[in-house]
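The chain contents come next:
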Amino acid sequence: MSKTDSAPFSYEGLDRVIHEKARLGLLSSLMAHPKGLAFADLKQLCGLTDGNLSRHLAVLQEAGLVEVTKGYEGNRPHTTCRLTKTGRRRFLDYLAVLERLVRDAARAAGREAPPLGRLGILST
């Protein structure tokens, strides 16, 4: 018997690297922009300071979820961030567990759970 069978509400797939508010926002933003986003755009979209954004990107980069490319546009420094293939897969896996959690919670509350993939997240 696997741990999932004996502890169905442990939600082992809720990856701690991803399951942090700021990093969840960063990954969601990058998922919506597959070609990547500039540091300043990510900062604005996620409501983070330069320091917070840098630290969270470093964690995601160390985990192999995000790649950060530094360069120049004209004479100005330009940093671009994008999901790696591994990052995209792990984020989709994370979302599948989150959907299961929502389904379980809806069922426990006596409501009909939305069908898996209703938002089209898992069909990609």
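Everything discussed here concerns the structure shown above.
Residues numbered from 1 in each chain as written. Predicted model: local features only at pLDDT ≥ 70, side-chain atom pairs only at ≥ 80, totals over all residues. Heavy atoms only, no water.

(A) Representation of the packing of helix H2 (residues 21–32) against helix H3 (residues 39–46) in the model. It is at 10 Å that the axes of H2 and H3 come closest, and there the two elements cross at 120 degrees. When the interaxial angle is binned, H2 and H3 end up oblique. The crossing of H2 and H3 is right-handed. Across the interface between the two elements, Gly-25, Leu-26, Ser-29 and Leu-30 from H2 touch Leu-42, Leu-45 and Cys-46 from H3. Here the contact of H2 with H3 is built from residues that sort into five nonpolar, two polar and no charged. (Axes fitted to C-alpha atoms, helices over the stretch in contact; angles between N-to-C directions. Helix = DSSP H or I, 4+ residues; strand = E, 2+ residues; numbered from the N terminus. Parallel < 35°, antiparallel > 145°, perpendicular 65-115°, else oblique. Left-handed = near helix turned anticlockwise from the far one by under 90°. Contact = heavy atoms within 4.5 Å. Nonpolar A, V, L, I, M, F, W, Y, C, P; charged D, E, K, R; others polar.)

(B) Summary view of the sheet that holds strand E1 (residues 37–38). With antiparallel pairing, three strands are arranged side by side in an open sheet as E1-E3-E2. Across the chains shown, the open sheet's two edge strands, defined by having one partner strand only, are E1 and strand E2 (66–73). (Pairing = 2+ DSSP bridges.)

(C) Just helix H4 (residues 50–62), in detail. An ideal rise of 1.5 Å per residue puts 18 Å on 13 residues; H4 measures up with 18 Å between its terminal C-alpha atoms. A positive backbone phi angle near 80 degrees is found at Gly-64, which sits one or two residues after H4. (Expected span 1.5 Å × (residues − 1).)

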